[in-house]
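# Geometric and topological summary
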Amino acid sequence: MTVLSGQRRIWLTGATSGIGLALARRLLAQGHRVALSARRRETLERLASGYPNALVVPCDITDRDSVAEAARRIDTAFAGLDLLLHDAGICEYLDVRHFDLALVERVLEVNLHGALKVVDAGLPLLRRARDESASRPLLAAVSSAAAYLPLPRAEAYGASKAALSHFLESLRIDLADEAIDVSVIHPGFVETPLTARNDFAMPMRLDADSAADAILAGLERRTLDVHFPQRFTRLVKLLGILPPTLRLRLGRYIAGRNRTAKAGS
């Protein structure tokens, strides 16, 4: 299990499922003070049971007031943050034959606008920790390898993650002079309740524990772009810089293979 060094004050969103749950268990076991956020209080309380270093802070990241109240509670308890780790998100795929604007808006609202609300509420806590302890706080968020390359049916999901990555990389530039670091996390396929619904092949898929270890190792090194498994993500990055005509051919090829696989299943 990868260890995040020191004793840190951490706000973790999306703490009750998938990668977020694996991260929560590791961070709590390592003795960090962890504010756990997700929508369901009961699930958070079960996760926090037995850990005096856990702070249960339920919130809905699509509700600005809910996120702001969570941040106020965390600041009261922790007096600042050393690490803001945003993991909450959803994944839904679009069938363009029946264009569903509500689906697109829903994915963008959670994955992009929800993340922005968390950053808005969390940045003052990172600044407080920096000012009071002369430490260098870290803001990190989970994007996706889908941000590197347009993929079939990923109009909503891919756009939300690409926008999030762009926002965070720009934010990194503007926060550099404030001594606040920003890491963007780009996982490939990971076994979670979200990906369990996928009806296509997921090459080089990792389990959530392996993903959590890769994330913590990257954050310990203050890696700007934490991406894994690297055999997969490096290939996706390479494909993402192909000319648009070749990316179109690749996307149509993948879509065709997925249709064939579904028809044969």
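As shown above, the structure is provided for reference.
Residues numbered from 1 in each chain as written. Predicted model: local features only at pLDDT ≥ 70, side-chain atom pairs only at ≥ 80, totals over all residues. Heavy atoms only, no water.

The next subject is the overall build of the protein chain. Scanning the protein chain from N- to C-terminus turns up eight helices and nine strands. Here the C-alpha radius of gyration of the protein chain, 18 Å, is about what a compact globule of 265 residues would show, namely 18 Å. Looking at the 265 residues of the protein chain, the share that counts as buried comes to 50%. Within the protein chain, counting contacts between residues at least 6 apart in sequence, those at least 24 apart form 66% of the total. Accessible area for the protein chain stands at about 12,900 Å²; split by element, carbon and sulfur atoms hold 54% of it. Computed over 35 positive and 30 negative side-chain charges, the separation of the two mean positions in the protein chain equals 6 Å. (Helix = DSSP H or I, 4+ residues; strand = E, 2+ residues; numbered from the N terminus. Rg over C-alpha atoms; globule rule 2.2 N^0.38 Å. Buried < 20%, exposed > 50% of the residue type's maximum accessible area, 1.4 Å probe, protein only. Contact = heavy atoms within 4.5 Å. Areas by Shrake-Rupley, 256 points an atom, 1.4 Å probe, with all protein chains shown as cover. Lys, Arg positive; Asp, Glu negative; His and termini not counted. Charge placed at Lys NZ, Arg CZ, Asp CG, Glu CD.)

One pass over the full model with this rule turns up 19 salt bridges. Where Glu-220 meets Arg-8, a salt bridge forms, and the shortest distance between an N and an O atom there is 3.2 Å. Of the two residues, Glu-220 is situated in helix H6 (residues 208–220) and Arg-8 in the segment before strand S1 (9–13); the sequence distance between them amounts to 212 residues. By relative accessible area, which is 31% here, Glu-220 ends up partly exposed. By relative accessible area, Arg-8 is classed as buried at 12%. Residues Arg-64 and Asp-120 are paired through a salt bridge, measuring 3.8 Å at the closest nitrogen-oxygen approach. Highlighted residues: Arg-64 in helix H3 (residues 64–78) and Asp-120 in helix H4 (residues 101–133), separated in sequence by 56 residues. (Salt bridge = Lys/Arg side-chain N within 4 Å of Asp/Glu carboxyl O.)

Moving on, we get to unusual backbone geometry. Backbone geometry follows two general trends: most residues other than glycine have a negative phi, and most peptide bonds adopt the trans configuration. With an omega dihedral of -15 degrees, the bond running from Phe-228 to Pro-229 counts as a cis peptide bond. Take Pro-229: it is sitting in the loop between strand S9 (225–228) and helix H7 (230–240). In this structure, Arg-153 takes a positive phi of about 65 degrees despite not being glycine. For Arg-153, the position within the fold is in the loop between strand S5 (138–142) and helix H5 (155–175). According to the relative accessible area criterion, Arg-153 is partly exposed, its value standing at 30%.

To describe two helices that pack against each other, one gives the angle between their axes and the distance between the axes. Here H4 crosses H5 at 20 degrees, and the two axes come no closer than 8 Å. Between H4 and H5, the angle is such that the two are roughly parallel. The handedness of the crossing between H4 and H5 is right-handed. Here Leu-103, Val-104, Val-107, Leu-108, Asn-111, Leu-112, Ala-115, Leu-116, Val-119, Leu-123 and Arg-127 of H4 come into contact with H5, specifically with Ala-156, Tyr-157, Ala-159, Ser-160, Lys-161, Ala-163, Leu-164, Phe-167, Leu-171 and Leu-175. Residues that form the contact of H4 with H5 fall into these classes: 17 nonpolar, two polar and two charged. (Axes fitted to C-alpha atoms, helices over the stretch in contact; angles between N-to-C directions. Parallel < 35°, antiparallel > 145°, perpendicular 65-115°, else oblique. Left-handed = near helix turned anticlockwise from the far one by under 90°. Nonpolar A, V, L, I, M, F, W, Y, C, P; charged D, E, K, R; others polar.)

The topology assignment puts Ala-15 in the loop between S1 and helix H1 (18–29). Residue classification places Ala-15 among the buried residues on the basis of a relative accessible area of 0%. Considered as a pair, Ala-15 and Ala-176 are 161 residues apart in the sequence and their alpha carbons are 28 Å apart. Sequence-distant contacts of Ala-15, defined by excluding residues within four places in its chain, comprise Gly-20, Leu-21, Ala-24, Leu-36, Ser-37, Ala-38, Leu-44 and Leu-47.

Moving on, we come to the packing of H1 against H6. Contact geometry of H1 with H6 gives a least axis separation of 8 Å together with a crossing angle of 65 degrees. At the point where H1 passes H6, the crossing takes the right-handed sense. Facing Gly-18, Ile-19, Ala-22, Leu-23, Arg-26 and Leu-27 of H1, the residues of H6 in contact are Ala-208, Asp-209, Ala-211, Ala-212, Asp-213, Ile-215 and Leu-216. In terms of residue class, the contact of H1 with H6 is made up of nine nonpolar, one polar and three charged.

Time to look at the nonpolar core. Membership of the largest hydrophobic core comes to 34 residues, with the highest contact counts inside it found for Leu-12, Leu-23, Leu-36, Leu-83, Leu-85, Ile-185 and Leu-219. The element best represented in this core is H1, accounting for seven residues. Not counting chain neighbours up to four residues away, the residues in contact with Leu-85 comprise Trp-11, Leu-12, Thr-13, Leu-23, Leu-27, Ala-140, Ile-185 and Leu-219. With 32 residues, the next largest nonpolar core counts Cys-59, Ala-71, Val-118 and Leu-175 among its residues. (Core = buried A, V, L, I, M, F, W, Y, C linked by side-chain atoms within 4.5 Å.)

To continue, consider the sheet that holds strand S4 (residues 83–86). Pairing within the open sheet is parallel, and its seven strands lie in the order S3-S2-S1-S4-S5-S6-S9. Where the open sheet ends on each side, the last strands, each with one partner, are strand S3 (54–56) and S9. Pairwise comparison of adjacent strand axes, ignoring direction, gives a mean angle of 15 degrees for this sheet. Set on the sheet, helix H2 (residues 41–48) makes contact with strand S2 (33–37) and S3; between it and S3 the angle comes to about 170 degrees. In the packing of H6 onto the sheet, contacts are made with S4, S5, strand S6 (181–187) and S9, and the angle to S9 comes to roughly 155 degrees. (Pairing = 2+ DSSP bridges.)

Nothing here speaks to function; it is geometry throughout.
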